[in-house]
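Inside the fold
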Protein chains: 2
Amino acid sequence: MNTKAKGTNAERQLIHMFWKEGWSAMRAAGSGSSRYPCPDILAGNGHRKVAIEVKTCIGENQYFAEEEIAQLQLFSRHFGAEAWVAVRFSEGWFFQPVDDLKRTDKAFVANKKNLKMVGLVFEEFISD
Amino acid sequence: MNTKAKGTNAERQLIHMFWKEGWSAMRAAGSGSSRYPCPDILAGNGHRKVAIEVKTCIGENQYFAEEEIAQLQLFSRHFGAEAWVAVRFSEGWFFQPVDDLKRTDKAFVANKKNLKMVGLVFEEFISD
(Lines give C-alpha, C1' and ligand atoms only; values in the text may rest on other atoms or scores of the structure.)
Protein backbone atom coordinates (compact mmCIF):
# COMPACT_ATOMS: atom_id res chain seq x y z
CA MET A 1 0.00 0.00 0.00
CA ASN A 2 1.44 3.41 -0.92
CA THR A 3 1.55 6.39 1.44
CA LYS A 4 -1.62 7.98 0.10
CA ALA A 5 -3.59 4.74 0.30
CA LYS A 6 -2.33 4.19 3.85
CA GLY A 7 -3.51 7.69 4.76
CA THR A 8 -6.95 7.12 3.24
CA ASN A 9 -7.18 3.78 5.01
CA ALA A 10 -6.34 5.36 8.36
CA GLU A 11 -8.88 8.15 7.80
CA ARG A 12 -11.60 5.62 6.99
CA GLN A 13 -10.79 3.74 10.17
CA LEU A 14 -11.26 6.93 12.19
CA ILE A 15 -14.54 7.76 10.42
CA HIS A 16 -15.79 4.32 11.38
CA MET A 17 -14.73 4.82 15.01
CA PHE A 18 -16.58 8.14 15.21
CA TRP A 19 -19.85 6.81 13.75
CA LYS A 20 -19.71 3.83 16.07
CA GLU A 21 -19.77 6.28 18.99
CA GLY A 22 -22.66 8.34 17.63
CA TRP A 23 -20.61 11.14 16.09
CA SER A 24 -20.94 12.35 12.49
CA ALA A 25 -17.62 12.40 10.65
CA MET A 26 -16.52 13.09 7.10
CA ARG A 27 -13.32 13.01 5.07
CA ALA A 28 -12.33 16.02 3.00
CA ALA A 29 -12.11 15.84 -0.79
CA GLY A 30 -8.65 16.65 -2.10
CA SER A 31 -7.19 17.47 1.30
CA GLY A 32 -3.66 18.66 0.66
CA SER A 33 -4.44 19.62 -2.93
CA SER A 34 -7.43 21.88 -2.37
CA ARG A 35 -7.05 25.57 -3.02
CA TYR A 36 -8.52 26.31 0.40
CA PRO A 37 -7.41 24.98 3.79
CA CYS A 38 -9.17 21.89 5.02
CA PRO A 39 -8.54 19.21 7.62
CA ASP A 40 -8.37 15.51 6.78
CA ILE A 41 -11.44 14.85 8.90
CA LEU A 42 -14.19 16.97 10.40
CA ALA A 43 -16.35 15.38 13.09
CA GLY A 44 -19.04 16.54 15.48
CA ASN A 45 -21.42 15.24 18.12
CA GLY A 46 -23.77 18.19 18.57
CA HIS A 47 -21.71 19.71 21.38
CA ARG A 48 -18.17 19.45 20.02
CA LYS A 49 -16.74 19.94 16.53
CA VAL A 50 -13.22 18.67 15.83
CA ALA A 51 -10.99 19.26 12.80
CA ILE A 52 -8.25 16.65 12.56
CA GLU A 53 -5.02 16.17 10.63
CA VAL A 54 -4.42 12.42 10.38
CA LYS A 55 -1.10 10.55 10.12
CA THR A 56 0.16 7.01 10.34
CA CYS A 57 3.66 6.64 11.74
CA ILE A 58 6.00 3.67 11.80
CA GLY A 59 8.92 5.49 13.42
CA GLU A 60 9.46 7.47 16.62
CA ASN A 61 8.62 10.93 15.31
CA GLN A 62 5.75 12.16 13.17
CA TYR A 63 6.43 15.51 11.52
CA PHE A 64 3.83 18.03 10.39
CA ALA A 65 4.73 20.78 7.94
CA GLU A 66 4.31 24.34 9.24
CA GLU A 67 1.91 25.14 6.39
CA GLU A 68 -0.21 22.09 7.17
CA ILE A 69 -0.64 23.15 10.79
CA ALA A 70 -1.24 26.80 9.88
CA GLN A 71 -4.02 25.74 7.51
CA LEU A 72 -5.60 23.45 10.07
CA GLN A 73 -5.64 26.31 12.57
CA LEU A 74 -7.06 28.74 10.01
CA PHE A 75 -9.85 26.36 9.00
CA SER A 76 -10.72 25.55 12.60
CA ARG A 77 -10.80 29.18 13.71
CA HIS A 78 -13.17 30.25 10.94
CA PHE A 79 -15.36 27.16 11.18
CA GLY A 80 -15.59 27.06 14.92
CA ALA A 81 -13.90 23.73 15.62
CA GLU A 82 -11.14 22.40 17.89
CA ALA A 83 -7.90 21.70 16.00
CA TRP A 84 -6.32 18.29 16.67
CA VAL A 85 -3.78 15.89 15.23
CA ALA A 86 -4.32 12.14 15.27
CA VAL A 87 -1.37 9.78 14.85
CA ARG A 88 -1.72 6.03 14.40
CA PHE A 89 1.34 4.19 15.71
CA SER A 90 1.61 0.42 15.81
CA GLU A 91 0.29 0.75 19.41
CA GLY A 92 -2.88 2.50 18.24
CA TRP A 93 -4.27 6.01 17.90
CA PHE A 94 -3.18 9.00 19.94
CA PHE A 95 -4.71 12.48 19.82
CA GLN A 96 -3.15 15.81 20.67
CA PRO A 97 -4.37 19.42 20.39
CA VAL A 98 -2.45 21.21 17.66
CA ASP A 99 -1.34 23.86 20.14
CA ASP A 100 0.51 21.22 22.18
CA LEU A 101 2.70 20.02 19.28
CA LYS A 102 6.40 20.60 19.76
CA ARG A 103 8.02 22.93 17.29
CA THR A 104 11.30 22.18 15.48
CA ASP A 105 13.17 24.48 13.11
CA LYS A 106 10.83 24.10 10.17
CA ALA A 107 8.11 21.74 11.28
CA PHE A 108 6.05 20.46 14.16
CA VAL A 109 6.62 17.06 15.65
CA ALA A 110 4.71 14.47 17.64
CA ASN A 111 7.09 12.10 19.41
CA LYS A 112 5.75 8.62 20.10
CA LYS A 113 7.12 8.29 23.62
CA ASN A 114 5.80 11.72 24.55
CA LEU A 115 2.45 11.25 22.82
CA LYS A 116 1.85 8.00 24.69
CA MET A 117 2.28 9.93 27.93
CA VAL A 118 0.46 13.19 27.25
CA GLY A 119 -1.77 12.35 24.26
CA LEU A 120 -5.31 11.02 24.50
CA VAL A 121 -6.56 7.65 23.32
CA PHE A 122 -9.79 7.69 21.30
CA GLU A 123 -12.14 7.05 24.22
CA GLU A 124 -10.60 9.95 26.15
CA PHE A 125 -10.59 12.18 23.10
CA ILE A 126 -14.32 11.84 22.45
CA SER A 127 -15.41 12.07 26.07
CA ASP A 128 -16.77 15.53 26.84
CA MET B 1 -18.53 18.30 -18.93
CA ASN B 2 -20.19 15.21 -17.47
CA THR B 3 -22.67 15.26 -14.61
CA LYS B 4 -20.10 14.42 -11.95
CA ALA B 5 -17.68 17.09 -13.17
CA LYS B 6 -20.50 19.64 -13.25
CA GLY B 7 -21.36 18.75 -9.66
CA THR B 8 -17.76 19.10 -8.52
CA ASN B 9 -17.49 22.39 -10.37
CA ALA B 10 -20.61 23.73 -8.64
CA GLU B 11 -19.36 22.59 -5.24
CA ARG B 12 -16.02 24.34 -5.78
CA GLN B 13 -17.84 27.53 -6.71
CA LEU B 14 -19.77 27.38 -3.44
CA ILE B 15 -16.60 26.69 -1.42
CA HIS B 16 -15.08 29.79 -2.98
CA MET B 17 -18.17 31.88 -2.12
CA PHE B 18 -18.03 30.76 1.52
CA TRP B 19 -14.33 31.52 2.01
CA LYS B 20 -14.79 34.92 0.38
CA GLU B 21 -17.28 35.73 3.15
CA GLY B 22 -15.06 34.53 5.97
CA TRP B 23 -16.61 31.09 6.41
CA SER B 24 -14.66 27.81 6.43
CA ALA B 25 -16.04 25.28 3.97
CA MET B 26 -14.98 21.84 2.77
CA ARG B 27 -16.12 19.27 0.19
CA ALA B 28 -16.64 15.68 1.24
CA ALA B 29 -14.53 12.87 -0.19
CA GLY B 30 -16.59 10.26 -2.00
CA SER B 31 -19.93 11.86 -1.21
CA GLY B 32 -22.57 9.51 -2.57
CA SER B 33 -20.23 6.53 -2.47
CA SER B 34 -19.10 6.67 1.15
CA ARG B 35 -20.23 3.96 3.49
CA TYR B 36 -21.42 6.59 5.95
CA PRO B 37 -23.76 9.53 5.32
CA CYS B 38 -22.15 12.79 4.42
CA PRO B 39 -23.24 16.06 2.83
CA ASP B 40 -21.61 17.47 -0.32
CA ILE B 41 -20.37 20.47 1.63
CA LEU B 42 -19.95 21.32 5.29
CA ALA B 43 -19.42 24.99 6.18
CA GLY B 44 -19.24 27.03 9.36
CA ASN B 45 -18.60 30.55 10.59
CA GLY B 46 -18.14 30.01 14.30
CA HIS B 47 -21.82 30.56 15.09
CA ARG B 48 -23.53 28.50 12.39
CA LYS B 49 -22.69 25.12 10.87
CA VAL B 50 -24.44 24.10 7.66
CA ALA B 51 -24.48 20.74 5.86
CA ILE B 52 -25.48 21.12 2.22
CA GLU B 53 -26.57 18.85 -0.62
CA VAL B 54 -25.58 20.59 -3.86
CA LYS B 55 -27.25 20.32 -7.30
CA THR B 56 -27.11 22.08 -10.63
CA CYS B 57 -30.39 22.15 -12.54
CA ILE B 58 -31.13 23.08 -16.13
CA GLY B 59 -34.85 22.27 -15.99
CA GLU B 60 -37.77 23.38 -13.83
CA ASN B 61 -37.57 20.70 -11.14
CA GLN B 62 -34.62 19.38 -9.16
CA TYR B 63 -35.29 16.02 -7.57
CA PHE B 64 -33.58 14.60 -4.48
CA ALA B 65 -33.73 10.91 -3.69
CA GLU B 66 -35.37 10.02 -0.39
CA GLU B 67 -32.23 8.25 0.76
CA GLU B 68 -30.08 11.27 -0.05
CA ILE B 69 -32.26 13.52 2.09
CA ALA B 70 -32.50 10.98 4.90
CA GLN B 71 -28.72 10.72 5.02
CA LEU B 72 -28.27 14.50 5.01
CA GLN B 73 -30.68 14.76 7.94
CA LEU B 74 -28.95 11.96 9.81
CA PHE B 75 -25.50 13.47 9.37
CA SER B 76 -26.70 16.93 10.36
CA ARG B 77 -28.53 15.74 13.46
CA HIS B 78 -25.52 13.85 14.83
CA PHE B 79 -23.01 16.53 13.86
CA GLY B 80 -25.00 19.48 15.07
CA ALA B 81 -25.52 21.32 11.78
CA GLU B 82 -28.43 22.83 9.86
CA ALA B 83 -29.47 20.71 6.84
CA TRP B 84 -29.89 22.62 3.56
CA VAL B 85 -30.08 22.03 -0.17
CA ALA B 86 -28.45 24.39 -2.65
CA VAL B 87 -29.56 24.40 -6.28
CA ARG B 88 -27.78 26.31 -9.04
CA PHE B 89 -30.17 27.29 -11.82
CA SER B 90 -29.15 29.43 -14.79
CA GLU B 91 -30.39 32.38 -12.68
CA GLY B 92 -27.98 31.59 -9.84
CA TRP B 93 -27.95 29.82 -6.49
CA PHE B 94 -30.95 29.27 -4.26
CA PHE B 95 -30.94 27.72 -0.79
CA GLN B 96 -33.72 25.96 1.06
CA PRO B 97 -33.87 24.11 4.39
CA VAL B 98 -34.28 20.39 3.80
CA ASP B 99 -37.46 20.39 5.88
CA ASP B 100 -39.12 22.79 3.41
CA LEU B 101 -38.62 20.54 0.36
CA LYS B 102 -41.83 19.31 -1.23
CA ARG B 103 -42.38 15.60 -1.18
CA THR B 104 -43.46 13.57 -4.21
CA ASP B 105 -44.24 9.86 -4.29
CA LYS B 106 -40.67 8.65 -4.09
CA ALA B 107 -38.51 11.73 -3.94
CA PHE B 108 -38.24 15.33 -2.81
CA VAL B 109 -38.39 18.16 -5.27
CA ALA B 110 -37.27 21.80 -5.49
CA ASN B 111 -39.27 23.65 -8.14
CA LYS B 112 -37.49 26.59 -9.74
CA LYS B 113 -40.46 28.97 -9.73
CA ASN B 114 -41.19 28.16 -6.11
CA LEU B 115 -37.55 28.26 -5.02
CA LYS B 116 -37.10 31.71 -6.55
CA MET B 117 -39.96 32.92 -4.36
CA VAL B 118 -39.34 31.17 -1.06
CA GLY B 119 -35.67 30.13 -1.27
CA LEU B 120 -32.76 32.28 -0.12
CA VAL B 121 -30.00 33.72 -2.27
CA PHE B 122 -26.46 33.28 -0.95
CA GLU B 123 -26.23 36.64 0.82
CA GLU B 124 -29.47 35.91 2.67
CA PHE B 125 -28.45 32.35 3.42
CA ILE B 126 -25.21 33.33 5.16
CA SER B 127 -26.63 36.28 7.08
CA ASP B 128 -27.26 35.30 10.68
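Predicted model only: the values in this text are computed from it and were never measured.

Thresholds, definitions, all that
- Residues numbered from 1 in each chain as written.
- Chains lettered and ligands numbered in written order.
- Predicted model: local features only at pLDDT ≥ 70, side-chain atom pairs only at ≥ 80, totals over all residues.
- Contact = placed C-beta atoms within 7 Å.
- Helix = DSSP H or I, 4+ residues; strand = E, 2+ residues; numbered from the N terminus.
- Pairing = 2+ DSSP bridges.
- Axes fitted to C-alpha atoms, helices over the stretch in contact; angles between N-to-C directions.
- Least-squares fit on C-alpha atoms with pLDDT ≥ 70 in both.
- Core = buried A, V, L, I, M, F, W, Y, C linked by C-beta atoms within 7 Å.
- Buried ≥ 20, exposed ≤ 12 C-beta atoms within 10 Å, placed from the backbone.
- Expected span 1.5 Å × (residues − 1).

1. Observations concerning the interface of chain A and chain B
Taken together, the contacts link 20 residues of chain A with 20 residues of chain B. Put simply, the parts of the chain that give the side of chain A that touches chain B at least two residues each are helix H1 (3-20), strand E1 (24-27), strand E2 (41-44) and helix H2 (66-79) of chain A.

2. As for the sheet that holds strand E6 (residues 92-97) of chain A
Residue and element names in this part refer to chain A. The strand order E1-E2-E3-E5-E6 describes an open sheet built from 5 strands, whose pairing is mixed. The sheet terminates laterally at E1 and E6, the two strands that pair on one side only. The average undirected angle you get between the axes of adjacent strands in this sheet is 25 degrees. Sheet topology places strand E3 (residues 49-56) next to strand E5 (residues 82-89); 7 bridges connect them, and they run parallel. Looking at E5, one finds that Ala51 is bridged to Ala83. The strands touched by H1 within the sheet are E1, E2, E3 and E5, with E3 carrying the most contacts at an inclination of about 140 degrees.

3. Digging into the relation of the copies chain A and chain B
Of the transformation superimposing chain A on chain B, the axial component is 0.0 Å and the angular component is 180 degrees, with the fit at an RMSD of 0.0 Å. Seen this way, the second copy is the image of the first under a two-fold rotation axis. Considering only C-alpha atoms, the part of chain A nearest the rotation axis is Ala29 of chain A, at 1.9 Å. Residue by residue, 100% of the interface of chain A is reproduced at the interface of chain B, so both copies engage with the same surface.

4. Digging into the nonpolar core
Among the nonpolar cores identified, the biggest contains 68 residues, and Ala51 and Val85 of chain A together with Ala51 and Val85 of chain B are the most heavily contacted of them. Beyond its immediate stretch of four places on either side in the chain, Val85 of chain A contacts Ile52, Glu53, Phe64, Gln96, Val98, Leu101 and Ala110 of chain A.

5. Focus: the pairing of strand E6 (residues 92-97) of chain B
Summarising the sheet, strand E5 (residues 82-89) of chain B and E6 of chain B pair through 6 bridges and their orientation is antiparallel. Bridge assignment links Phe89 of chain B to a residue of E6 of chain B, and that residue is Gly92 of chain B.

6. Digging into the environment of Ala25 of chain B
Within the secondary structure layout, Ala25 of chain B lies in strand E1 (residues 24-27). When the 24 C-beta atoms within 10 Å are taken as the criterion, Ala25 of chain B is described as buried.

7. What about H2 of chain A?
A rise of 1.5 Å per residue sets the reference length of H2 of chain A, with its 14 residues, at 20 Å; its end C-alpha atoms lie 20 Å apart and thus fit the reference within 8%. Against E3, strand E4 (61-65) and E5 of chain A together with E1 and strand E2 (41-44) of chain B lie the buried residues of H2 of chain A. Gly80 of chain A occupies a position one or two residues after H2 of chain A and carries a positive phi of about 95 degrees.

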